[in-house]
Amino acid sequence: MATLNIVNKSPFEKHTLSQCLSRAAPGGAILLIEDAVCAVIKGGAYAEQLVTGQQKVYVLEPDLAARGFADAALPDSINRVDYNGFVDLVTQYDLVHSWF
Amino acid sequence: MATLNIVNKSPFEKHTLSQCLSRAAPGGAILLIEDAVCAVIKGGAYAEQLVTGQQKVYVLEPDLAARGFADAALPDSINRVDYNGFVDLVTQYDLVHSWF
Amino acid sequence: MKIAVVVNEGPYQHQAADSAWHFVSAALARGHEINRVFFYHDGVNNGSRLTTPPQDDRHIQQRWSELARQHNLDLVLCVAACQRRGLVDADEKKRHGKDADNIADGFRISGLGQLIEASVEADRVVSFGD
Amino acid sequence: MKIAVVVNEGPYQHQAADSAWHFVSAALARGHEINRVFFYHDGVNNGSRLTTPPQDDRHIQQRWSELARQHNLDLVLCVAACQRRGLVDADEKKRHGKDADNIADGFRISGLGQLIEASVEADRVVSFGD
Amino acid sequence: MDDENDIGVVKRFLYVNRRAPHGSIYALESLETVLIGAAFDQDVSVLFVDDGVFQLKKDQQPDALGMKNFSKTFRALEMYDVEKIYVEDESLSERGLSVDDLLIDVESLPRNKIGALMDAQDVVLSF
Amino acid sequence: MDDENDIGVVKRFLYVNRRAPHGSIYALESLETVLIGAAFDQDVSVLFVDDGVFQLKKDQQPDALGMKNFSKTFRALEMYDVEKIYVEDESLSERGLSVDDLLIDVESLPRNKIGALMDAQDVVLSF
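Small disclaimer: the values here were computed from a predicted structure and weren't measured. Every chain is numbered independently, its residues counted from 1 as its sequence is written. For naming, the first written chain is A and the first written ligand is 1, with later ones following in the order written. Since the coordinates come from a predicted model, pLDDT governs what is reported: local features require at least 70, and pairs of side-chain atoms require 80 or more to be given and counted, while whole-chain, interface and lining totals use all residues. Working from all heavy atoms in the structure, the side-chain values ignore hydrogens and water.

Considerations on the overall build of chain A
Cut-off, in case you're wondering: Secondary structure elements are defined from DSSP: runs of H or I of at least 4 residues count as helices, runs of E of at least 2 residues count as strands, and each element is numbered from the N terminus. Two things to know: the radius of gyration comes from C-alpha atoms, and the globule rule equals 2.2 Å times the number of residues to the power 0.38. A 1.4 Å probe rolled over the protein chains alone gives each residue an accessible area, and that area as a share of the maximum for its type sets the label: buried under 20%, exposed over 50%, partly exposed in between. Two residues form a contact once any of their heavy atoms are found within 4.5 Å.
On a plain count of helices and strands, chain A comes out with 4 helices and 5 strands. Ordered by position from the N terminus, the helices and strands of chain A form the series β-α-β-α-β-α-β-α-β. Against the globule reference of 13 Å for 100 residues, chain A gives a C-alpha radius of gyration of 12 Å, in line with a compact fold. The buried share of chain A, taken over its 100 residues, is 72%. Look at the contacts in chain A between residues 6 or more apart in sequence, and 68% of them connect residues 24 or more apart.

And the structure:
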């Protein structure tokens, strides 16, 4: 079993992202949506700790674009997905866990 | 001018408390209500950093009691107030600033 | 002293609506004047008369209406927030061609200017939210 | 694949209601089945037909109703959450002696059992909240 | 239990409680879901992590605020055959709490076992 | 400006914006309040701290989500005589941003000056 963890809160506002990362089992994935996309910005305080190698990390492109980061450089191992990609991730992983 | 800062979110959930403490001017006060009362529990991760000496710290007694801490030991310099005390603080300070 | 209160959250989901009510009650009991309670954002949901909370739970809307009746409180719901969230009085019903209204006794719908005006006139402004 | 969706927040205040709608739309377009959208907590506020958002903004309730009509979606509002927040259909209106109802086309009010049932029957459950 | 709730399939449901009680309604409405889930004869586990551990604190007195003291209902979980109740060690200790502060018996787990518990489920509902 | 909005008293209002845009409505509804406050001829200051600095980020494209791109309205603040617009340095740098990333000119302040700015107000409205 591998889990898709969805995080929607900015790590600068809530502890949700680090609380998720500290529990998520290896082999799963983290999908950042809504204000959580603020985590991935290069040079920001959270971009580095996201890339643990334990989970794949995805970020929802339309939420990134909404906040002015459509063209922003991201750490190499972070993948952009659109809503179709979001749907595909839900089907590819065995279980979905939303962290608020 | 001295400000009463009201914080209502648990520091374990949101960064609000430390964001408030890092800005609040000396000579003001911090009033913890709702889930923010979780900050004051002795032995918890946030009780010590509350007592900076820069601001007076108050905690709303009925919110503490609601969460099972009516009889809990608090750090010495943290004062309990009821809703009447909350009202008095609002009138004693020049300005009220709610941090969510 | 004259105190204005702002409520930014709806009933039950967050404690803000409860905290605001307890604060207003205590301030009135202590002889202060509450010149207005302004409900903004989801706060406007406090003003729906269609709620039926469990019998053993508090009735947040009725509690506000009762306090307004006893103390002649001015409870104002922000009109723009109401339109986004479906709070409707007789005027709004007519204006938008709706087939029902749902505002409770003691509340009225008005503009954001009421928040500024109340803040200017009050000695203190206290906000409750999430 | 069969996917159940849970929505825990109302319209406009938080993005959750938007994200859920975009996700459901994309899943349907990709040929998946959405066996139920269950609205819990403030999520039930998505189902009020009394909203009138600004003309240049999205109409969240109508967007749900339209999707339900096109895809025969089952949009269920949790009855206990509705009672606390003032969402009323014809049955609830009668049962609680209310003088109005406000539920929109395509939504129905039912119990929490519908969430469990949808979760059991679905291959995946995806929640949106705050 | 109830025949009309028999839907023939048993799935592993994990309810994850991460919020303090009374500041928001999630704790109360989560508990209602747990009880319904149990009535449907599903395989129910309940996990308290982060501020969720405050939900199990003894001596809660929300009555003075006019709010329901639903914490007593946790004691009824056993009657509903909800017996897999977990609390994370680190969540307790970071908050100055221990299992002695809790109003029911729970199985405490270290943080590094939580991921495996989550991965072993069919459905995770988080509040 | 408008005579009917003349209430004879001018107070110092500070609007504190601490949330990212689009994830919640606070940024939009705060901006509406700022504009109304200015129309009432009050002494308006606007502060962006913490995630609030994201509200001023250039190139926001919420249109694909069907959401309003209200960030353009910040450019209109000057027309409403709202000229005291502050951003906290540390809030920018922690987020990998600089003033060059912002869509309007602002006065940037270090964190240790923010408390004095707040204390100098008559009314603080935080969103």
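Past the structure itself, the notes keep going.
Quick notes on the overall build of chain C
Put simply, the test is: Counting rule for charge: Lys and Arg are taken as positive, Asp and Glu as negative, and neither His nor the chain ends is counted. Taken as the charge centre is NZ of Lys, CZ of Arg, CG of Asp or CD of Glu, depending on the residue.
Regarding its fold elements, chain C presents 5 helices and 5 strands. Each helix and strand of chain C, placed in order from N terminus to C terminus, yields the pattern β-α-β-α-β-α-α-β-α-β. For 130 residues, the compact-globule formula gives about 14 Å, and the C-alpha radius of gyration of chain C, at 14 Å, lands near that figure. Overall, chain C is about 40 × 40 × 30 Å in size when its C-alpha atoms are taken along their principal axes. Within chain C, the fraction of its 130 residues that count as buried is 75%. Considering only intrachain contacts with a sequence separation of at least 6, the fraction spanning at least 24 residues in chain C is 78%. Once the 15 positive and 18 negative side-chain charges of chain C are each reduced to a mean point, those two points are 3 Å apart.

Focus: the interface of chain F and chain C
Spelled out, the test is: Reported buried area values correspond to the accessible surface (1.4 Å probe) lost by two parts on association, with both partners' losses combined. Any carboxyl oxygen of Asp or Glu that lies within 4 Å of a side-chain nitrogen of Lys or Arg is treated as forming a salt bridge with it. In the analysis that follows, any N or O atom pair within 3.5 Å is treated as a polar contact, provided that within protein one partner can donate a hydrogen and the other can accept it, and provided that, for residues neighboring in sequence, both atoms belong to side chains. Gly is put with the polar residues, along with every residue not named as nonpolar or charged; the nonpolar set is Ala, Val, Leu, Ile, Met, Phe, Trp, Tyr, Cys and Pro, and the charged set is Asp, Glu, Lys and Arg.
With 21 residues of chain F in contact, the opposing surface of chain C contributes 20 residues. Here chain F and chain C share an interface that buries about 1600 Å² over both sides, 61% of which is from carbon and sulfur atoms. We note a salt bridge from Arg85(C) to Glu29(F), for which the minimum N-O separation is 3.5 Å. One can count 10 residue pairs in polar contact (both at pLDDT 80 or more) joining chain F with chain C. Every element with two or more residues in the side of chain F that touches chain C is listed here: strand S1 (12–17), helix H1 (26–39) and strand S5 (123–126) of chain F. Per-element accounting of the side of chain F that touches chain C gives the leading share, 8 residues, to H1(F). Residue classes in the side of chain F that touches chain C are distributed as 12 nonpolar, 5 polar and 4 charged.

Some thoughts on the pairing of strand S2 (residues 29–32) of chain B
Residues and elements named next belong to chain B. Short version of the rule: Here, a strand pair is defined by DSSP locating no fewer than two bridges between the strands. We call a crossover right-handed when, viewed with the strands running away from us, the connection from the first strand over the helix to the second turns clockwise.
Residues of S2 alternate between two faces, with Ala29 and Leu31 on one and Ile30 and Leu32 on the opposite face, all of them buried. Sheet topology places strand S1 (residues 3–7) next to S2; 4 bridges connect them, and they run parallel. Residue pairing for S2: Asn5 is matched across the bridge by Ile30. Following the chain from S1 across helix H1 (residues 16–21) to the adjacent parallel S2, one finds a crossover that is right-handed. Where S2 meets strand S3 (residues 56–60), 4 bridges bridge the pair, whose relative direction is parallel. The partner of Ile30 across the bridge, within S3, is Val57.

Some thoughts on the interface of chain D and chain C
Taken together, the 29 residues of chain D in the interface contact 29 residues of chain C. When the two sides are added together, the surface that chain D and chain C hide from each other amounts to roughly 2400 Å², 46% of it contributed by carbon and sulfur. For the interface between chain D and chain C, the tally reads 4 salt bridges. Notably, a salt bridge pairs Asp57(C) with Arg84(D), separated by 3.7 Å at the nearest N-O pair. Connecting chain D to chain C are 14 residue pairs in polar contact (both at pLDDT 80 or more). Here the residues of the side of chain D that touches chain C sort into 7 nonpolar, 12 polar and 10 charged.

Some points on the arrangement of the chains
When the 12 pairs of chains in contact are compared, the highest contact count belongs to chains C and D. The two partners chain A and chain C share no contact, and the minimum distance between any of their C-alpha atoms is 12 Å. In this assembly chain B lies apart from chain D, the nearest approach of their C-alpha atoms being 12 Å.

Remarks on the nonpolar core
Selection criterion: Throughout this description, the term nonpolar core refers to a set of buried Ala, Val, Leu, Ile, Met, Phe, Trp, Tyr and Cys residues connected via side-chain atoms within 4.5 Å.
Leu32(A), Leu32(B), Trp64(C) and Trp64(D) are the most contacted members of the largest nonpolar core, which totals 264 residues. Beyond its immediate stretch of four places on either side in the chain, Leu32(B) contacts Val7(B), Leu17(B), Val37(B), Ala39(B), Val40(B), Leu50(B), Val57(B), Tyr58(B), Val59(B) and Leu60(B). In terms of nonpolar packing, the next biggest core, distinct from the first, is built from 6 residues, Leu50(C), Leu50(D), Val88(D) and Ala100(D) among them.

Focus: the relation of the copies chain D and chain C
Threshold: Only residues with pLDDT of at least 70 in both copies count here: their C-alpha atoms drive the least-squares fit that superposes the copies.
Note on the copies: chain D fits chain C at an RMSD of 0.0 Å, the axial shift is 0.0 Å, and the rotation between them is 180°. One copy is carried onto the other by what is essentially a two-fold rotation axis. For chain D, the minimum C-alpha distance to the rotation axis belongs to Ala100(D) and amounts to 3.1 Å. When you check the interface residues of chain D against chain C, 100% turn up at the interface there too, and the contact is symmetric in its surfaces.

Observations regarding the pattern of salt bridges
Counted according to the given criterion, the structure contains 64 salt bridges over all chains. The closest approach of N and O atoms between Asp101(C) and Arg49(C), which form a salt bridge, is 2.9 Å. Taken as a pair, Asp101(C) in the loop between helix H4 (90–95) and strand S4 (107–110) and Arg49(C) in the loop between strand S2 (33–39) and helix H2 (60–71) lie far apart in primary sequence, 52 residues in all. In this structure Asp101(C) comes out as buried when scored by relative accessible area, which is 17%. The partner of Arg95(F) in a salt bridge is Asp51(F), with the nearest N and O atoms 2.8 Å apart. Here the residue Arg95(F) occupies a position in the loop between helix H2 (89–94) and strand S4 (107–109), and Asp51(F) occupies one in the loop between strand S2 (43–48) and strand S3 (84–88), the gap between them amounting to 44 residues. For the pair Arg95(F) and Asp51(F), a shared accessibility class is recorded, and that class is buried.

Let's talk about the confidence of the model for chain C
Condition: Per-residue confidence from the predictor is reported as pLDDT, which spans 0 to 100.
In this model, chain C carries an average pLDDT of 98, and 100% of its residues clear a pLDDT of 70 or more. Among the scores for the predicted complex, ipTM is 0.97 and pTM is 0.97.

Regarding unusual backbone geometry
With a phi angle near 65°, Asp59(E) is a residue other than glycine that sits in the positive phi range. In this structure, Asp59(E) sits in the loop between strand S2 (43–48) and strand S3 (84–88). A positive phi angle is found at His22(F), which is not glycine, with a value near 80°. Along the chain, His22(F) turns up in the loop between S1 and H1.

Details of a negative patch on the surface
Stated precisely, the cut-off is as follows: The residues that make up patches have over 30% relative accessible area and no salt bridge, and they are joined within 9 Å when like-charged or within 5 Å when they are Val, Leu, Ile, Met, Phe, Trp or Tyr. Values of accessible area rely on a 1.4 Å probe in the Shrake-Rupley scheme; residue burial ignores everything except the protein chains shown.
Taken together, the side chains of Asp41(E), Glu78(E), Asp81(E), Glu83(E) and Asp105(E) make up a negatively charged region of the molecular surface. Inspection of the secondary structure puts Glu83(E) in the loop between S2 and S3.

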